[in-house]
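A look at the structure
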Amino acid sequence: QPSEFFIDAIEHTEAVVIPNNFMEEATSKVPCLQPMHNNLLNNSIRFMQKRINMLLSATAEERYLDFIKLYPNLTLRVPQWMIASYLGITPESLSRVRKELANKHFR
């Protein structure tokens, strides 16, 4: 079945494809993995909820500051247009946000 998504790596990358039913099979064979699996699911849900809330209610500046806090090294490794896309803003808007923050003596 064709995928809905694709990976476009901008750095050397090794990807591991895990089947959809992997965790169910693993936890049935090794029951002590279940708490870890639940924790991973809960963290994933919390992260997605925070991202949705930020996209719906935060300003572009707030989203960018949160991005820097969450991924401090990516701003030097990822093109600005990709960061803008992740933040749900145009590259021009990201440039304005960065300029305003620089004017506030923030880096």
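This section reports on the structure supplied with the text.

Things to note about the pattern of salt bridges
- The full count for this structure, using the stated rule, is 3 salt bridges.
- Residues E11 and R77 are paired through a salt bridge, measuring 2.8 Å at the closest nitrogen-oxygen approach. Here E11, found in the segment before helix 1 (22-29), pairs with R77, found in the loop between helix 3 (60-70) and helix 4 (80-87); they are 66 residues apart in sequence, far enough to count as distant.
- Note on E11: relative accessible area 38%, which makes it partly exposed.
- Notably, a salt bridge pairs E61 with K104, separated by 3.2 Å at the nearest N-O pair. Placement of the pair is E61 in helix 3 and K104 in the segment after helix 5 (91-103), with a sequence separation of 43 residues.

Comments concerning the layout of surface pockets
- Of the volumes computed, that of the second largest pocket is approximately 220 Å³.
- Around the second largest pocket sit I10, E11, F67, Y71, L74, R77, V78, M82, I83 and Y86, which together line it.
- With 3 residues, helix 4 is the largest single contributor of residues to the lining of the second largest pocket.
- Counted by class, the lining of the second largest pocket contains 8 nonpolar, no polar and 2 charged residues.

Conventions used here
Residues numbered from 1 in each chain as written. Predicted model: local features only at pLDDT ≥ 70, side-chain atom pairs only at ≥ 80, totals over all residues. Heavy atoms only, no water. Salt bridge = Lys/Arg side-chain N within 4 Å of Asp/Glu carboxyl O. Helix = DSSP H or I, 4+ residues; strand = E, 2+ residues; numbered from the N terminus. Buried < 20%, exposed > 50% of the residue type's maximum accessible area, 1.4 Å probe, protein only. 1 Å grid on protein atoms, 1.4 Å probe; cavity = no way out; pocket = protein on both sides within 12 Å on 5 of 7 lines; lining within 4 Å. Points joined across faces, edges and corners; volume = space filled by probe spheres on them. Nonpolar A, V, L, I, M, F, W, Y, C, P; charged D, E, K, R; others polar.

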